[in-house]
Amino acid sequence: MARVGGVLKLGKIGSGVGVLNVRSLAISANPTQEYDIVVVGGGIVGTATARELKIRHPHLNMAILEKEHKLAVHQSGHNSGVIHAGIYYTPGSLKAKLCVEGLQLSYKYFADKGVPYKKVGKLIVATSDEEVGRLHNLYERGLKNNVEGMKLLKGEAEIKEVEPNCRGVEAIWSPITGIVDWALVTQYYGKDFEGDGGKIHFRFEVNGFKDSQNPEYPVLLTSKSGDKVLAKYVLTCGGLFSDKLAELSGCPRDPRIVPFRGEYLLLDESKTNLVKGNIYPVPDPRFPFLGVHFTPRMDGSVWLGPNAVLAFKREGYRRSDINLRELFDALTYPGFIKLSMKFVTAGIKEYLYSIFLSLQVKQLQKFVPQLKRADVRRGPAGVRAQALDRKGNLVDDFYFDMYKKGKTEVGQRVLHCRNAPSPGATSSLAIAKMMADKMESEFKFNKR
Ligand SMILES: Cc1cc2nc3c(=O)[nH]c(=O)nc-3n(C[C@H](O)[C@H](O)[C@H](O)COP(=O)(O)OP(=O)(O)OC[C@H]3O[C@@H](n4cnc5c(N)ncnc54)[C@H](O)[C@@H]3O)c2cc1C
């Protein structure tokens, strides 16, 4: 087998709380590598699944191909850092099942590996009588989803026992909700994978799946910079580019990814004592996002947000980031046009909140009245990869796809994770188990 060409570097990663040494391997234009399984995408979902497959099948030769210079550069490194309990999701959905399971697996993993986390808990607060009915529905959902330890808090006095500066009519208290640095967790998964003999190739942007004409390794993965890798089977976990990767192997483009930027505000250091744990609103059931919330971070800071505005570039973290081709693509997609017509007022409102911070602060003051405009400044942003179908429906659940019609041999060897929005990080270890099961049943590679 061809030798890996490239540079071996030792680098420090982590964000303040934990620091870990991870090897990174950059591929060069040397002879083609051959792998039993290749995972495209070094976010938390791809890395967790690669790790799971390598643990189950240590004899398999495996690699992760990631277009950036390190793991977790996109969604997995730009999120709220919450370990979700599983309250919101439709009972029976993959999100409900995998979030509840993922939380348990995550806490066990953190304890085993010494990953720093905090079980700070979470309040979902109804601030008006109209929201109480929806809050009760959420509580019922949580019970159906087997969320542990939830409690309904009746009245402001009970709410204040948990969060002294929070006001509200009723609230759900979830003590098992926690916070963690999901980018750091991804690095841990990557280290496990490499420790078990897996390879991670950075700066490898996959731009094609072709028939290699090699019966043993039928899939040829090519990169933008001319590198090549051969594989028997492939899994893609491309986040914001999952639709494009699926299309490359013969799947339909739909559902398409529409990027929604979520901007955070930073609470002034002198005011971080205003909140102890996570404070969330009762979400609007028409939208897949949870609403602007207060979230303590592992480094002691407090983030407020994120909102949800259309990003003019898939990986556009600043408001000035625009990619005309991607924007045109989104704006001319029938699904997006239908969605915009349904939610035109809500969309304009979100933009106004994004521009005028005082409007966003006003929303947050419903929960913590002491909060002032002067206490916040603009902070980082993340971009959500949200799948949207042609009819204008946001795909609510996790979604996987494979080209099955038998047109190309190659397409039948590539499985795609096409929609893994929040709570994808919390669910990562459970998604990994489910996808590993799916790979085993579809591809039969587990027979030696
Ligand atoms: C603002 C925000 C807040 C969130 N908050 C939470 C939270 O509190 N808790 C929670 O559980 N979840 C949260 N989520 C969701 C969570 O972050 C995602 O579900 C999760 O990170 C998805 O992981 P992923 O691996 O699918 O995607 P990503 O992390 O985006 O990884 C995809 C990877 O694929 C790579 N890639 C793409 N195309 C190619 C290509 N052609 N070749 C090679 N590599 C490629 C990308 O570079 C990227 O590294 C949040 C998300 C956002 C955006």
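- The protein chain goes by L-2-hydroxyglutarate dehydrogenase, mitochondrial in an unreviewed UniProt entry, where it is assigned to Brassicogethes aeneus.
- Word for word, the UniProt comment on the protein chain under Sequence similarities (unreviewed entry) is "Belongs to the L2HGDH family."
- Of the comments in the UniProt record for the protein chain, the one headed Cofactor (unreviewed entry) reads "FAD".

### Let's talk about the overall build of the protein chain
Thinking step 1. Looking only at helices and strands, the protein chain has 11 helices and 22 strands in total.
Thinking step 2. A compact globule built from 448 residues would reach a C-alpha radius of gyration of about 22 Å, and the protein chain, at 22 Å, matches this within 12%.
Thinking step 3. The C-alpha extent of the protein chain, read off along each of the three principal axes, is 70 × 50 × 40 Å.
Thinking step 4. The buried share among the 448 residues of the protein chain stands at 48%.
Thinking step 5. In the protein chain, of all internal contacts separated by at least 6 residues, the share reaching a separation of at least 24 is 74%.

### A closer look at the domain arrangement of the protein chain
Thinking step 1. Domains assigned within the protein chain are domain 1 (6-75 + 183-255 + 397-443) and domain 2 (256-275 + 284-385).
Thinking step 2. Its C-alpha centre places domain 1 at a distance of 29 Å from the equivalent point of domain 2.
Thinking step 3. Of the residues lining the interface, 13 residues belong to domain 1; the matching set on domain 2 comes to 12 residues.
Thinking step 4. In terms of residue class, the side of domain 1 that touches domain 2 is made up of five nonpolar, five polar and three charged.

### So, the confidence of the model for the protein chain
Thinking step 1. This prediction gives the protein chain a mean pLDDT of 91; 92% of its residues lie at or above 70.
Thinking step 2. Under a pLDDT of 50 for its full length, residues 1-30 has, in the predicted model, 67 contacts with residues more than four places off or in other chains.

### Thoughts on unusual backbone geometry
Thinking step 1. In this structure, the amide linkage connecting Asp254 to the following residue, Pro255, adopts the cis form with an omega of -5°.
Thinking step 2. The residue Pro255 is located in the loop between helix H6 (242-248) and strand S15 (256-267) in this model.
Thinking step 3. A cis amide bond links Ser422 with the next residue in sequence, Pro423, at an omega value of 10°.
Thinking step 4. You can see Pro423 is positioned in the loop between strand S22 (414-419) and helix H11 (428-443).

### A short note on the nonpolar core
Thinking step 1. Counting residues in each nonpolar core, the largest one holds 118 residues, and the members touching the most others are Val38, Ala231 and Val234.
Thinking step 2. If you count residues domain by domain, this core takes at least three from each of domain 1 (6-75 + 183-255 + 397-443) and domain 2 (256-275 + 284-385).
Thinking step 3. Other than its neighbours up to four places away in sequence, Val234 contacts Val38, Val40, Phe209, Val219, Leu221, Arg413 and Val414.

### Structural notes on the site of the ligand
Thinking step 1. In the vicinity of the ligand there are 41 residues, among which Gly41, Gly43, Gly239, Gly382 and Gly424 approach most closely.
Thinking step 2. Secondary-structure elements contributing two or more residues to the shell around the ligand are helix H1 (44-56) and strand S20 (376-388).
Thinking step 3. Classifying every residue of the shell around the ligand by side-chain character gives 17 nonpolar, 19 polar and five charged.
Thinking step 4. Split by domain, the residues of the shell around the ligand number at least three in each of domain 1 (6-75 + 183-255 + 397-443) and domain 2 (256-275 + 284-385).

### Focus on the sheet that holds strand S10 (residues 178-180)
Thinking step 1. Read from one edge to the other, the open sheet built from three strands follows the order S5-S10-S6, with strand pairing classed as antiparallel. What marks the edges here is a single partner per strand, and that holds for strand S5 (82-83) and strand S6 (117-118).
Thinking step 2. Both S5 and S10 contribute to a ladder of two bridges, which runs antiparallel. Across the sheet, the residue bridging to Ile83 is Gly178, located in S10.

### Description of the environment of Leu94
Thinking step 1. Mapping Leu94 onto the fold places it in helix H2 (residues 94-113).
Thinking step 2. On the neighbour-count criterion, Leu94 (20 C-beta atoms within 10 Å) is buried.
Thinking step 3. Distance in space between the C-alpha atoms of Leu94 and Met434 is 9.8 Å, their sequence separation being 340 residues.
Thinking step 4. Not counting residues up to four positions away in its chain, the partners in contact with Leu94 are Asp397 and Phe398.

### Some points on the packing of H1 against H11
Thinking step 1. Orientation of H1 relative to H11, taken along the N-to-C sense of each, is 55°, at an axis distance of 8 Å. Here H1 lies oblique to H11, going by the angle between them. Considering only the axes of H1 and H11, their crossing is right-handed. Every residue of H11 that contacts H1 at Ile44, Val45, Ala48, Thr49, Arg51, Glu52, Leu53 and Arg56 is listed here: Ser428, Leu429, Ile431, Ala432, Lys433, Met435, Ala436 and Met439.
Thinking step 2. Classifying every residue of the contact of H1 with H11 by side-chain character gives 10 nonpolar, two polar and four charged.

### Comments concerning the environment of Ala231
Thinking step 1. For Ala231, the position within the fold is in strand S14 (residues 228-236).
Thinking step 2. Judged by the 28 C-beta atoms lying within 10 Å of it, Ala231 falls in the buried class.
Thinking step 3. Residues Ala231 and Lys366 lie 135 residues apart in sequence; the distance between their C-alpha atoms is 54 Å.

Parameters and conventions
- Residues numbered from 1 in each chain as written.
- Predicted model: local features only at pLDDT ≥ 70, side-chain atom pairs only at ≥ 80, totals over all residues.
- UniProt positions renumbered as here; feature names shortened; annotations may be inferred.
- Helix = DSSP H or I, 4+ residues; strand = E, 2+ residues; numbered from the N terminus.
- Rg over C-alpha atoms; globule rule 2.2 N^0.38 Å.
- Buried ≥ 20, exposed ≤ 12 C-beta atoms within 10 Å, placed from the backbone.
- Contact = placed C-beta atoms within 7 Å.
- Domains from an automatic or database assignment.
- Nonpolar A, V, L, I, M, F, W, Y, C, P; charged D, E, K, R; others polar.
- pLDDT = per-residue confidence, 0-100.
- Core = buried A, V, L, I, M, F, W, Y, C linked by C-beta atoms within 7 Å.
- Near = placed C-beta within 6 Å.
- Pairing = 2+ DSSP bridges.
- Axes fitted to C-alpha atoms, helices over the stretch in contact; angles between N-to-C directions.
- Parallel < 35°, antiparallel > 145°, perpendicular 65-115°, else oblique.
- Left-handed = near helix turned anticlockwise from the far one by under 90°.

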